[in-house]
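Next come the chains, spelled out residue by residue.
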Amino acid sequence: MPFWFIKRLFGALLIVFAMTIIVFVGVSVIGNPADILVPPDADQVERLRIVTALGLDQPLWKQYLSFIGNALHGDLGTSFVFGEPALKVILQRMPATFELAFSALILAILFGIPLGLYAGLRPHGLLSRSIMAGSILGFSLPTFWVGLMMIMLFAVQLGWLPSGGRGETVDVLGVRWSFLTADGLRHLILPALNLALFKISLVIRLTRAGVREVMPQEYIKFARAKGLTERRIISVHVLKNILIPIITVIGLEFGSLIAFAVVTETIFAWPGMGKLIIDSINSLDRPMIVAYLVIIVIFFTTINLIVDFLYTVLDPRVRLESGG
Amino acid sequence: MTAVLEQTAGVAASSRRGAILSVRDLKTYFATPAGEVKAVDGLSFDLRAGQVLGLVGESGSGKSVTGFSIVRLIEPPGRIVGGEISFKGQELTGASLEEMRRLRGRHIAMIFQDPMMTLNPVLRIDTQMIEAIQAHERVPIAEARARARDALGKVGIPSPEERLKAYPHQFSGGMRQRVAIATALLNQPDLIIADEPTTALDVTIQAQILAEVQKLTRDTNTAVIWISHDLSVVSGMADEVAVMYAGRIVEAGPVAEVINAPRHPYTAGLIGSLPSRNRRGERLRQIHGMTPNLLDLPEGCAFRTRCDHADEACRREPGLFARHGHVHRCFHPCREDA
Ligand SMILES: Nc1ncnc2c1ncn2[C@@H]1O[C@H](COP(=O)(O)OP(=O)(O)OP(=O)(O)O)[C@@H](O)[C@H]1O
Ligand code: SF4
Ligand SMILES: [Mg+2]
């Protein structure tokens, strides 16, 4: 394993560690879970019993230390609400979120790159301008509003697609997937599109900017001087160059797709982690919130590492400079 | 004995018949917000198979635009607005995009000025060379690869087999230019347009590459247009030289004649500023004044504001005067003994 990778790995671990502190302190500021969990008619003795059972009587730093000690053994705490390990509850909901985020990612690539290519190659055409105007809408319209509009139009008015839930699922390796059944796929389309909208706009703009940057380069002119077809120039010489930043951003954005799935999942009643965290926040289920945030942080840092790695595979110059 | 020849750069009609490239009254203009830039404005010359033409002139005189016009790689806001380019009997100004694509790299190859920019940084050398072959011929990849390897060997790149797998950034500037030259040679073109291919390189490598290109093109009878702002580079290798000023040829002829007996004051100035031709201790003679603004050229002779010989006559536009295939565009040419 190259040295730079070990260095990054170490840095990533530090970030995760720092984040746990911030998350722990932050969550303890939100409110006292005892206020919600203890029934209002309970007496002082009962209240004390619950508070002690949840470990809320300890000073924060002691709570943190025991949290870290347990975390190192893979125990991120027990949900106040479900009475089960928080990690287990989250992992159960994770595939649904992954499915949604991956579908959105694929949509972003499938729509974003061709539209961006077109807009970049014919920057002054009417269609290109429309694409760019559309991408601005995609950026600026709030996800929840678009989601509601989609439900209104496609589910309520036209009745083409269902408005929520995962639909029929198939079990593969003990995990339920929607995209393997026709019904599940119909349930997936609207939320995936809703979640993808922002990313499609992003990929369009990135691709277009990349094309506009690469096209005037001397090596494109030289490729033409070699007598290459326009098709080869675009699909090899241009695309290979712009793919580097696009892959980077798409990869980095995968983490935010999962984080932003919160909104989409809530609107479309998609039973993933995002919906879970909203419910947990409402009930001040502290271990769930902490566990979720820690997992998200680990996600982000892992994705960063993978993207760094992919980057070196794609861009020969980076490979040399890092001595790998 | 002088005669005025309009629009023909003095090369006699007899030699025109043997020409593989014949450019007549070429005009390439750029529509800029400040006005129409006449980068090439009425250019004519001929080139025979195997002949090396040096195209010389200071920065902005229109050398590159001439080269790119021939292969029709002028990008907007530039446009060829007039003239004829006849290559092996085919008229290029009206050729279709696909016809041009088939010519480029196959029959007319180009080498660019800056080797650091001409190779795609994310593609391996073999990819970039093999595609240049396969764009024109159905050749199995192994065979194309072998040809690429041989071409690299020919231009003096050591262990070409391994170097094929390298990326451009693993080469020095000189080596990259060799790769570009090898790429240009791949399909044995009839004409190579080399746009200042050695300017970005240091002097010893310049000389090496110059010698190699000369040898390779002589062996295959390839015609070359060698573009340079440096008359001394061109004088060593070209058969003919054409001197450009503000989008026009102001003097053209066999290298020895132009160098030894320049007629146009501008050419004389260029030669005067070559260090090797000055007696020791004598100050380098320079062409005074600024390079011309193409949007604001003086009326009549474009060189008038910088010329020591200028007088009232020069307010009219000088035509081309020719004598024995040596042409110039000046009312008061330098005398041969000057
Ligand atoms: N894209 C463009 N837009 C506007 N004007 C241009 C453009 N390209 C070239 N020109 C004009 O054409 C003129 C000739 O340019 P050209 O590149 O042919 O010069 P050159 O003789 O090759 O000079 P150099 O030695 O610097 O390469 C320039 O003076 C410039 O004003
Ligand atoms: S025509 Fe006149 S101004 Fe132009 S170069 Fe000749 S002498 Fe000089
Ligand atoms: Mg140039």
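Residues numbered from 1 in each chain as written. Chains lettered and ligands numbered in written order. Predicted model: local features only at pLDDT ≥ 70, side-chain atom pairs only at ≥ 80, totals over all residues. Heavy atoms only, no water.

Caption draft 1: Molecular detail of the UniProt feature "domain: ABC transporter" (unreviewed entry) in chain B. Under the present numbering, the feature "domain: ABC transporter" (unreviewed entry) in UniProt falls on residues 21-271 of chain B. Structurally, residues 21-271 of chain B comprises 38% helix and 28% strand, and the distance from its first C-alpha atom to its last is 28 Å. (UniProt positions renumbered as here; feature names shortened; annotations may be inferred. Helix = DSSP H or I, 4+ residues; strand = E, 2+ residues; numbered from the N terminus.)

Caption draft 2: Just the site of ligand 2, in detail. In the vicinity of ligand 2, the contacting residues are His264, Pro265, Cys301, Phe303, Arg304, Cys307, His309, Ala310, Cys314, Cys330, Phe331 and His332 of chain B. Taken together, the residues that form the shell around ligand 2 break down as eight nonpolar, three polar and one charged. (Near = heavy atom within 4 Å. Nonpolar A, V, L, I, M, F, W, Y, C, P; charged D, E, K, R; others polar.)

Caption draft 3: Focus on the interface of chain B and chain A. Taken together, the contacts link 27 residues of chain B with 21 residues of chain A. A combined buried area of about 2400 Å² lies between chain B and chain A, and 64% of that area is made up of carbon and sulfur atoms. Summed over the three residues of chain B that lose the most area to chain A, namely Val122, Glu131 and His169 of chain B, the buried surface amounts to 24% of that side. The interface formed by chain B and chain A holds three salt bridges in total. Among the salt bridges present, the one from Arg232 of chain A reaches Glu131 of chain B, with a minimum N-O distance of 2.7 Å. At the surface where chain B touches chain A, the tally comes to eleven residue pairs in polar contact (both at pLDDT 80 or more). Only β7 (108-111), α4 (115-118), α5 (125-134) and α8 (173-185) of chain B provide two or more residues apiece to the side of chain B that touches chain A. If one sorts the elements of the side of chain B that touches chain A by residue count, α5 of chain B sits on top with four residues. Of the residues in the side of chain B that touches chain A, the class split is 14 nonpolar, nine polar and four charged. (Contact = heavy atoms within 4.5 Å. Buried area = accessible area lost by both parts, 1.4 Å probe. Salt bridge = Lys/Arg side-chain N within 4 Å of Asp/Glu carboxyl O. Polar contact = N/O pair within 3.5 Å; in protein donor to acceptor, adjacent residues only side chain to side chain.)

Caption draft 4: Region of interest: the UniProt feature "transmembrane region" (unreviewed entry) in chain A. Residue and element names in this part refer to chain A. Feature annotation in UniProt assigns "transmembrane region" (unreviewed entry) to the following positions: residues 12-31, 100-121, 133-156, 188-207, 242-269 and 289-311. Helix makes up 95% of residues 12-31 and strand 0%, with an end-to-end C-alpha separation of 30 Å. Helix makes up 93% of residues 242-269 and strand 0%, and the two end C-alpha atoms of the span are 37 Å apart.

Caption draft 5: Structural context of the site of ligand 1. Residues and elements named next belong to chain B. Near ligand 1, the surroundings consist of 15 residues, among which Ser59, Gly60, Lys63, Ser64 and Val65 are the closest. In the environment of ligand 1, an oxygen atom lies 3.0 Å from a nitrogen or oxygen atom belonging to the backbone of Gly62. Ser64 is positioned such that a nitrogen or oxygen atom in its side chain is 2.7 Å from an oxygen atom of ligand 1. For ligand 1, the protein covers 67% of the area, taking 630 Å² as the surface of the free molecule. (Areas by Shrake-Rupley, 256 points an atom, 1.4 Å probe, with all protein chains shown as cover.)

Caption draft 6: Here's a closer look at the confidence of the model for chain B. Residue and element names in this part refer to chain B. With 90% of its residues at a pLDDT of 70 or more, chain B has an overall mean of 87. No element of chain B has a lower mean pLDDT than strand β1 (residues 3-4), which averages 38, and none a higher one than helix α2 (residues 63-70), which averages 97. Taken as a whole, residues 1-15 scores under 50 in pLDDT and shows 28 contacts with residues more than four places along the chain or in a different chain. The ipTM assigned to the predicted complex is 0.89, against a pTM of 0.81. (pLDDT = per-residue confidence, 0-100.)

Caption draft 7: Main features of a nonpolar patch on the surface. Residue and element names in this part refer to chain A. Where nonpolar side chains cluster on the molecular surface, the patch consists of Leu137, Leu141, Phe144, Trp145, Leu148, Met149, Met152 and Val263 and spans about 690 Å² of accessible area. By residue number, the principal contributor to the nonpolar patch is helix α7 (residues 143-157), which donates five residues. Here Trp145 lies in helix α7. (Patch = residues over 30% accessible without salt bridge, like charges linked within 9 Å, V, L, I, M, F, W, Y side chains within 5 Å.)

Caption draft 8: Summary view of the UniProt feature "domain: ABC transmembrane type-1" (unreviewed entry) in chain A. Taking the numbering used here, the UniProt-annotated feature "domain: ABC transmembrane type-1" (unreviewed entry) corresponds to residues 94-307 of chain A. The span residues 94-307 of chain A carries 79% helix and 3% strand; its end-to-end C-alpha distance comes to 21 Å.

Caption draft 9: Up close: the environment of Glu257 of chain B. All names here are of chain B. Note that Glu257 resides in helix α11 (residues 255-260). Sequence separation between Glu257 and His326 is 69 residues; the distance between their C-alpha atoms is 7.6 Å. The residues touching Glu257, leaving out its near neighbours within four places in the chain, are Pro262, Arg263, His324 and His326.

Caption draft 10: Structural context of the pattern of salt bridges. Taken as a whole and assessed by the stated rule, the structure comprises 25 salt bridges over all chains. Its salt-bridge partner being Lys88 of chain A, residue Glu84 of chain A comes within 2.6 Å of it at the nearest N-O pair. Take Lys88 of chain A: its relative accessible area is 42%, and that puts it in the partly exposed class. Where salt bridges share partners, they join Arg124, Asp126, Arg145, Arg149, Asp150 and Glu161 of chain B into one cluster. (Buried < 20%, exposed > 50% of the residue type's maximum accessible area, 1.4 Å probe, protein only.)

Caption draft 11: Representation of the nonpolar core in the model. In this structure, Leu21, Phe45, Met129, Leu191, Ile193, Ile225 and Trp226 of chain B are the most contacted members of the largest nonpolar core, which totals 102 residues. For Leu191 of chain B, the contacting residues outside a window of four places in its chain are Ile20, Leu21, Leu47, Phe87, His107, Ile108, Ala109, Thr222, Ala223, Val224 and Ile225 of chain B. Core analysis: the second largest hydrophobic core is formed by 65 residues, Leu105, Ile204 and Leu239 of chain A together with Ala135 of chain B among them. (Core = buried A, V, L, I, M, F, W, Y, C linked by side-chain atoms within 4.5 Å.)

Caption draft 12: The arrangement of the sheet that holds strand β2 (residues 19-32) of chain B in detail. Residues and elements named next belong to chain B. Read from one edge to the other, the open sheet built from four strands follows the order β3-β2-β5-β6, with strand pairing classed as antiparallel. Of all the strands in the sheet, just β3 (35-48) and β6 (90-91) have a single pairing partner and so form its edges. Bridge count between β2 and β3: eleven bridges; the pairing is antiparallel. Across the sheet, residue Ala31 finds its bridge partner in β3, namely Glu36. (Pairing = 2+ DSSP bridges.)

Caption draft 13: Quick peek at helix α5 (residues 86-121) of chain A. The end-to-end C-alpha distance of α5 of chain A, which contains 36 residues, comes to 50 Å, matching closely the 52 Å that a straight helix rising 1.5 Å per residue would cover. The largest bend in α5 of chain A is about 35°, located at Met94 of chain A, with the proline Pro95 of chain A one to four residues further on. (Expected span 1.5 Å × (residues − 1). Bend = angle between axes of the 7 residues up to and from the residue.)

Caption draft 14: View of the packing of α5 of chain A against helix α8 (residues 182-214) of chain A. Residue and element names in this part refer to chain A. Orientation of α5 relative to α8, taken along the N-to-C sense of each, is 35°, at an axis distance of 6 Å. As α5 runs across α8, the sense of the crossing is right-handed. Across the contact of α5 with α8, the residue classes break down as 21 nonpolar, five polar and four charged. (Axes fitted to C-alpha atoms, helices over the stretch in contact; angles between N-to-C directions. Left-handed = near helix turned anticlockwise from the far one by under 90°.)

Caption draft 15: Layout of the packing of aromatic side chains. Residue and element names in this part refer to chain A. Going through the model one piece at a time under the given rule, you end up with 15 aromatic pairs over all chains. On the basis of an interplanar angle of 50° and a centroid distance of 5.0 Å, the ring pair of Phe102 and Phe254 is categorised as tilted. With Phe102 in helix α5 and Phe254 in helix α10 (residues 230-267), this residue pair connects regions lying 152 residues apart in the sequence. A ring pair is formed by Trp177 and Phe179, whose centres lie 6.1 Å apart and whose planes are at 70°; its orientation type is edge-to-face. Its relative accessible area of 22% is what places Trp177 among the partly exposed residues. Taken together, the ring pairs in this structure connect Phe98, Phe102, Phe254 and Phe299 into an aromatic cluster. (Phe/Tyr/Trp six-rings, centres within 6.5 Å; stacked < 30°, edge-to-face > 60°.)

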